[in-house]
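# Commentary on secondary and tertiary structure
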Amino acid sequence: MAGLSRLFAPREREFFDLFEEAGRNILESGDILERILERWPDHGELAREIVVREQEGDRITHDIIQRLNYIEEVADYLALYRIEAPMEQAQELARILHHACRELNNAIPRLRTFGDIRHFTVEINRLENDGDRTVRAALASLFETGIDPMMVIRWKDIFERLEEAIDATERAANILEGVMIKNR
């Protein structure tokens, strides 16, 4: 499946590495708890290991969130670059991103019952394509208007972060779809 193969791009392997690390951490936690309960109270000191595993789980979750913080970056860049007024294309990209986030949010609860999410993933893919077209048009407009080169650089950064955020929704949708396929 072409969509899933895109998930294995080098940059995105970090997500899978982190998910696998989380899985190993959960497995180790289960092992420790089983040992505690098999030999309680003799191995009560192992309870400390559960706390260590929980802290490790928090670190892994934090790492995943750090890689998904493109939306926050855009807001930061607007302030950092002292943007006085948004470009139309940025507003359009924000609308596309918001819609893709909504679709992703609607798909996630269906994992519990392995319900059909195809409608959501198809829509997210369509939105990602719209985002790509909008970014290309936005970048082209930067060079057509003859604005200050520093503003070109600033807006290029913002457009790229918006595109990365939209791309992240598609990657997440592809992961959800992969989970659904493997569990049918």
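This text follows the structure it describes.
The text that follows walks through the structure, step by step, so that each part is easy to find. Every value quoted in this text rests on a predicted model; they were computed, and no experiment measured them.

Reading the values: the criteria
Residues numbered from 1 in each chain as written. Predicted model: local features only at pLDDT ≥ 70, side-chain atom pairs only at ≥ 80, totals over all residues. Heavy atoms only, no water. Salt bridge = Lys/Arg side-chain N within 4 Å of Asp/Glu carboxyl O. Helix = DSSP H or I, 4+ residues; strand = E, 2+ residues; numbered from the N terminus. Buried < 20%, exposed > 50% of the residue type's maximum accessible area, 1.4 Å probe, protein only. Phe/Tyr/Trp six-rings, centres within 6.5 Å; stacked < 30°, edge-to-face > 60°.

Another point: the pattern of salt bridges. Inspection of every chain in the model, using the stated rule, returns six salt bridges. Put simply, arginine 126 and glutamate 123 hold a salt bridge, and the shortest N to O gap is 2.6 Å. Here the residue arginine 126 and the residue glutamate 123 both occupy positions in helix H6 (residues 118–144), the gap between them amounting to three residues, near one helical turn. Under the relative-accessibility criterion, arginine 126 is labelled partly exposed at 38%. Among the salt bridges present, the one from arginine 133 reaches aspartate 130, with a minimum N-O distance of 2.3 Å. With arginine 133 and aspartate 130 both in helix H6 and three residues apart, this pair spans about one turn of that helix. You can call aspartate 130 buried: its relative accessible area is 19%.

It is worth spelling out the packing of aromatic side chains at this point. If you walk through the whole model with that rule in mind, you get two aromatic pairs. A centroid spacing of 5.2 Å and a plane angle of 70 degrees characterise the contact between tyrosine 77 and tyrosine 81, whose relative ring orientation is edge-to-face. What makes tyrosine 77 buried here is its relative accessible area of 17%. For tyrosine 81, a relative accessible area of 17% gives the class buried. Pairing tryptophan 155 with phenylalanine 159 gives two aromatic rings, centres 5.5 Å apart and planes at 35 degrees, and the pair type is tilted. With a gap of four residues between them, tryptophan 155 and phenylalanine 159 both fall in helix H7 (residues 149–182), about one helical turn apart. For the pair formed by tryptophan 155 and phenylalanine 159, the shared burial category is buried.

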